Amino acid sequence: RLVVERLAAGCHDFAPAICDITHVASMPFVSCKASDMITYGHHLPGFLKVLVSALSVSLPPVEGTAGAVGDVAESRRAHDELKATNERVRIEVAHTLACWSRFGLDEESVDVSPHQPLIQAVADSGTPNLRILRQSQVMDALSASFRSEDSPEAIVITLGAIRDMSLYRPLARQITNSGLISNLVHVIRVNLLGSDVLLVAAEVLWNVLELDWEGAAEALGQEEVIECFRDFMDAVLVRGYRFKDKIFRNDMMVLLMYISKREENRPLFATTGLMALLLCHAVSEAQRKELKEAGVLAELLGSDITGTALESHQANQRKYAGVVLTNSQEDMEFRMLLWGTLARCCSSAPCADVAVRCGLVPSLLAVLDAQDPPPEQRQWSSEQRRKVQLEALAALFQLVQYVPVAFVHAQGNATVLQLLQTTRSREVQKKCLSLLQVAIRQGEAFCEELGRLGAVGLLVELFGDKDNPMSSRQLCASVLAGLCASSADNRKEFRKKDGIEALRAEVVYRPDETTDNHLFYTVCVVDCVWSAIVGTRKNEIRFLDAGGLFALLDVLEVAPILLKRQIIGCLADLVQYRKAAKLFVQWNSQVTMKGGSKILLELWQSEQEIVQSTGADGVIRDLDRPLNPRAPEPESASDEEADRPGSGSSVGSFRSSRASVKFRQAKAFAETAASYASGPRGFAGPSARAPGQAAPPSKRVTQAANGDLG
């Protein structure tokens with residue numbers, strides 16, 4: 001500390017001493033005793049803090065601060081000597097920090113848990129040196145020195161130290177809080193398509209975004225920073241022919257992917273012109289030519305890019321034809337990163353408008369067309385095509401939610417069904433089914449169009465194929481439930497394609513026979529029964545004739561509570577058909593010989609015990625809510641809100657039974673009619689009712705109110 005203070009006071013003769021001290025400090029410490037680290041280790045953070053303080057007193061000198069004022073030559077010589085001395089101090093200090101941060105980054109020095117990557121172990125626990133660097137709080141002084149650094153050698157060494165520090169999560173947060181991110185972006189701008197320093201700066205940003213995503217994404221979510229990324233991508237997409245240029249391009253796309261995960265950053269992609277620039281290279285070659293001829297690209301880029309950035313972009317377009325994407329590994333990786341980032345940004349309305357105008361959805365659908373692929377895709381191998389199709393489907397999974405109209409206009413349903421029918425890849429098949437699963441939630445128009453395209457028959461065929469994995473068949477059942485839930489035509493088609501028999505064969509619960517999640521599979525099967533069969537009389541008849549009701553009751557007896565609730569709701573609607581009610585009474589368990597009513601009563605009793613709805617004497621505490629007694633509430637809480645039935649959907653969620661809704665309506669009607677039926681003298685007759693008063697409840701309504709749903 002004393003030497004640094006003397007250097008700050010102008011005694012530059014101490015600079016060599018500081019360099020010697022830092023040179024020794026950069027070497028690994030050797031313990032003379034086993035207890036040396038315990039005895040002297042607590043001094044190391046303070047030592048580093050003092051050592052780094054030398055950076056603030058050895059900044060590049062300002063012109064005229066050394067030598068006599070009248071002697072220009074002497075002043076210049078003194079200035080150059082002081083500059084070289086200070087630069088050597090900064091280089092040695094940076095080299096020491098780089099050695100400290102680098103030492104111990106191996107599996108021998110880091111405690112790595114089984115099946116844990118080394119990089120993850122370093123991020124979580126760090127190394128002893130990285131923990132000491134965190135305690136010394138050197139990042140603030142290092143970032144302040146880095147902002148004014150003009151020595152290329154010092155910049156390279158400092159970046160190497162920061163890169164290793166950024167592997168440790170607490171130090172990554174310090175990098176964000178110190179404001180060093182904007183300086184890293186400036187380093188990339190200065191060295192664009194030049195020195196390899198920009199690759200190191202991009203790696204630091206990548207590490208910080210991974211380990212401190214919230215802080216770093218917010219720091220990078222500034223308009224001027226996104227404009228810098230736009231300029232980077234413009235230059236590298238037009239002039240980046242070298243291999244390391246493509247590596248840098250992909251690194252930039254990874255950074256943009258992380259930045260786009262923050263929802264507040266997405267509108268900036270459209271307002272800065274970055275969205276339009278990326279879309280130029282995301283669409284197919286034919287689509288790009290159409291957009292250029294129509295002037296759409298010039299309009300989008302011209303409206304979003306102004307000033308010198310627009311002049312630079314126009315100069316690049318005139319001078320360079322642009323880098324054509326090939327089937328190399330780097331270009332294939334770039335496509336995948338690009339599509340995923342653009343699809344995520346389309347959750348913002350401005351970005352979605354730009355994507356629709358540029359035809360992103362038709363371009364992605366063209367990748368799925370195996371019959372007539374675009375010319376630039378004919379050189380792809382089958383494995384490359386499979387990977388690209390998976391990424392295109394993942395992007396369309398998001399786009400169908402953000403721009404469903406564009407998906408329909410581009411014949412997206414027909415393309416996905418065609419791929420589902422022709423593909424041999426299980427992964428592509430599952431991606432297609434997942435896409436259809438989210439597409440049917442966008443409205444009845446999707447369900448109707450898919451029904452016209454023959455989706456029901458195709459899905460029934462895939463569902464009945466036992467060679468398909470259970471996860472794929474589970475998705476088939478879920479999609480079929482969504483298609484049939486609101487479409488009578490699809491339910492009719494489901495019956496014609498023998499879907500009822502295929503579904504009946506899967507109404508079983510045997511989790512011991514497979515390693516897959518049989519519970520969720522059976523839940524989807526029951527949901528499909530509820531949506532595609534219950535409520536349609538012809539479907540119900542065929543299901544009952546095939547023994548479907550008995551199969552549901554067999555599963556009800558052995559299923560876990562999650563599945564029991566789904567089955568009970570389905571049965572409550574199914575037994576409204578008289579034939580189903582009679583079969584329900586006739587059924588007896590083959591294992592315990594219990595009837596359906598006995599099983600339901602046992603379930604009722606177990607639910608009462610769980611919620612403790614009965615007192616010590618066995619009397620129900622709340623007759624109106626026997627399975628869900630009211631908790632003590634303020635008097636302002638209304639009974640109607642407490643009794644209000646929950647709403648649900650048959651697609652992917654548990655529905656409220658139609659029978660339960662009718663039960664509540666019948667009970668309310670019976671209570672209202674009973675209150676009006678009694679006159680002032682206790683006479684209940686037509687003459688006792690006031691004009692417009694309800695008639696007494698019928699026997700059927702009274703039975704329903706009393707719970708005799710059979």
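A. Highlighting the packing of helix H14 (residues 223-239) against helix H17 (residues 274-282). H17 packs onto H14 with a crossing angle of 25 degrees between their chain directions and a minimal axis gap of 9 Å. With respect to each other, H14 and H17 are oriented roughly parallel. Classified by chirality, the crossing of H17 by H14 is left-handed. Facing H14, whose interface residues are Ile226, Phe229, Arg230, Met233, Asp234 and Leu237, H17 presents Leu274, Leu277, Leu278 and His281. Here the residues of the contact of H14 with H17 sort into seven nonpolar, one polar and two charged.

B. Up close: the environment of valine 403. Along the chain, valine 403 falls in the loop between helix H24 (382-402) and helix H25 (404-409). On the basis of relative accessibility, which here comes to 11%, the residue valine 403 falls in the buried class. Residues valine 403 and valine 356 lie 47 residues apart in sequence; the distance between their C-alpha atoms is 7.8 Å. Discounting residues that sit within four places of it in the chain, valine 403 has contacts with Ala352, Val356 and Val361.

C. Representation of unusual backbone geometry in the model. Even without being glycine, aspartate 498 reaches a positive phi, approximately 60 degrees. In this fold, aspartate 498 is placed in the loop between helix H31 (488-496) and helix H32 (499-504). The partly exposed category is assigned to aspartate 498, whose relative accessible area is 45%. The backbone of glutamine 612 shows a phi angle near 55 degrees, a positive value even though the residue is not glycine. Judged by its relative accessible area of 57%, glutamine 612 falls in the exposed class.

D. A look at helix H6 (residues 118-125). Ala121, Val122 and Ala123 are the residues of H6 that are buried. Where H6 is buried, its residues contact helix H7 (128-136), helix H10 (169-177) and helix H12 (197-211). Looking one or two places after H6, you find glycine 126, whose phi comes out positive at around 70 degrees.

E. Examining the side chain of serine 260 more closely. Among the secondary structure elements, serine 260 is positioned in helix H15 (residues 243-260). Among the residues examined, serine 260 registers a relative accessible area of 0% and is labelled buried. A polar contact of 2.8 Å, which involves the side chain of serine 260, links it to the backbone oxygen of methionine 257. Ignoring anything within four residues of it in the chain, the contact list for serine 260 reads Arg266, Phe269, Thr341, Arg344 and Cys345.

F. Main features of empty space enclosed by the protein. Enumeration according to the criterion identifies three cavities of 30 Å³ or more in this entry. Taken as a whole, the largest cavity encloses approximately 50 Å³ of empty space. Leu193, Gly194, Ser195, Asp196, Leu198, Leu199, Arg242, Lys244, Asp245 and Phe248 together form the lining of the largest cavity. Breaking the lining of the largest cavity down by element, the ones donating at least two residues are H12 and H15. Per-element accounting of the lining of the largest cavity gives the leading share, three residues, to H15. Considered class by class, the residues forming the lining of the largest cavity number four nonpolar, two polar and four charged.

G. Expanded view of the environment of cysteine 484. Tracing the sequence through the fold places cysteine 484 in helix H30 (residues 470-485). Sequence spacing of cysteine 484 and cysteine 447 is 37 residues, and the spatial spacing of their C-alpha atoms is 8.1 Å. Aside from chain neighbours lying at most four places away, what touches cysteine 484 is Asn490, Arg491, Phe494, Ser531 and Ala532.

H. A look at the confidence of the model for the chain. Mean pLDDT over the chain stands at 83; residues scoring 70 or higher make up 85%. This stretch, residues 637-654, has a pLDDT under 50; its non-local contacts, to residues over four places away or in other chains, come to 27 contacts. For residues 679-710, every residue scores under 50 in pLDDT, and the model assigns this stretch 34 contacts once sequence neighbours within four places are set aside.

I. Structural detail: the packing of aromatic side chains. What the rule picks out here adds up to three aromatic pairs. Taken together, a centroid distance of 5.8 Å and an interplanar angle of 65 degrees make the contact between phenylalanine 229 and phenylalanine 232 edge-to-face. Pair noted here: phenylalanine 229 and phenylalanine 232 are both in helix H14, with a separation of three residues, about one helical turn. Taken as a pair, phenylalanine 229 and phenylalanine 232 share a single burial class, namely buried. Plain terms: the ring middles of phenylalanine 407 and phenylalanine 446 are 6.4 Å apart, the flat faces sit at 20 degrees to each other, and that makes the pair stacked. Pair noted here: phenylalanine 407 is in helix H25 and phenylalanine 446 is in helix H28 (residues 444-452), with a separation of 39 residues, a long-range link. The ring of phenylalanine 334 has arginine 249 sitting right over it, with the charged end atom 4.4 Å from the ring centre. Here the basic side chain of arginine 473 rests over the ring of phenylalanine 463, its NZ or CZ set 5.6 Å away from the ring centre.

J. The arrangement of the nonpolar core in detail. Ranked by internal contacts, the top residues of the largest apolar core, which has 198 residues, are Met233, Met275 and Phe494. Residue contributions to this core peak at ten residues, all from helix H33 (residues 518-532). Setting aside anything within four residues of it in sequence, one finds methionine 275 in contact with Phe269, Ala270, Leu342, Cys345, Cys346, Cys351, Val354 and Ala355.

K. Structural detail: the pattern of salt bridges. All chains considered together, the criterion is met by 25 salt bridges. Of the charged contacts in the structure, one is a salt bridge between aspartate 164 and arginine 163, with a shortest N-O distance of 3.8 Å. Residue arginine 163 is classed as partly exposed on the basis of its relative accessible area of 23%. Where glutamate 427 meets arginine 386, a salt bridge forms, and the shortest distance between an N and an O atom there is 2.5 Å. Of the two residues, glutamate 427 sits in helix H27 (residues 426-439) while arginine 386 sits in helix H24, which places them 41 residues apart along the sequence. Here the residues in one salt-bridge network are Arg90, Glu149 and Asp150, joined through shared partners.

Thresholds applied
- Residues numbered from 1 in each chain as written.
- Predicted model: local features only at pLDDT ≥ 70, side-chain atom pairs only at ≥ 80, totals over all residues.
- Heavy atoms only, no water.
- Axes fitted to C-alpha atoms, helices over the stretch in contact; angles between N-to-C directions.
- Helix = DSSP H or I, 4+ residues; strand = E, 2+ residues; numbered from the N terminus.
- Parallel < 35°, antiparallel > 145°, perpendicular 65-115°, else oblique.
- Left-handed = near helix turned anticlockwise from the far one by under 90°.
- Contact = heavy atoms within 4.5 Å.
- Nonpolar A, V, L, I, M, F, W, Y, C, P; charged D, E, K, R; others polar.
- Buried < 20%, exposed > 50% of the residue type's maximum accessible area, 1.4 Å probe, protein only.
- Polar contact = N/O pair within 3.5 Å; in protein donor to acceptor, adjacent residues only side chain to side chain.
- 1 Å grid on protein atoms, 1.4 Å probe; cavity = no way out; pocket = protein on both sides within 12 Å on 5 of 7 lines; lining within 4 Å.
- Points joined across faces, edges and corners; volume = space filled by probe spheres on them.
- pLDDT = per-residue confidence, 0-100.
- Phe/Tyr/Trp six-rings, centres within 6.5 Å; stacked < 30°, edge-to-face > 60°.
- Lys NZ or Arg CZ within 6 Å of the ring centre and 35° of its normal.
- Core = buried A, V, L, I, M, F, W, Y, C linked by side-chain atoms within 4.5 Å.
- Salt bridge = Lys/Arg side-chain N within 4 Å of Asp/Glu carboxyl O.

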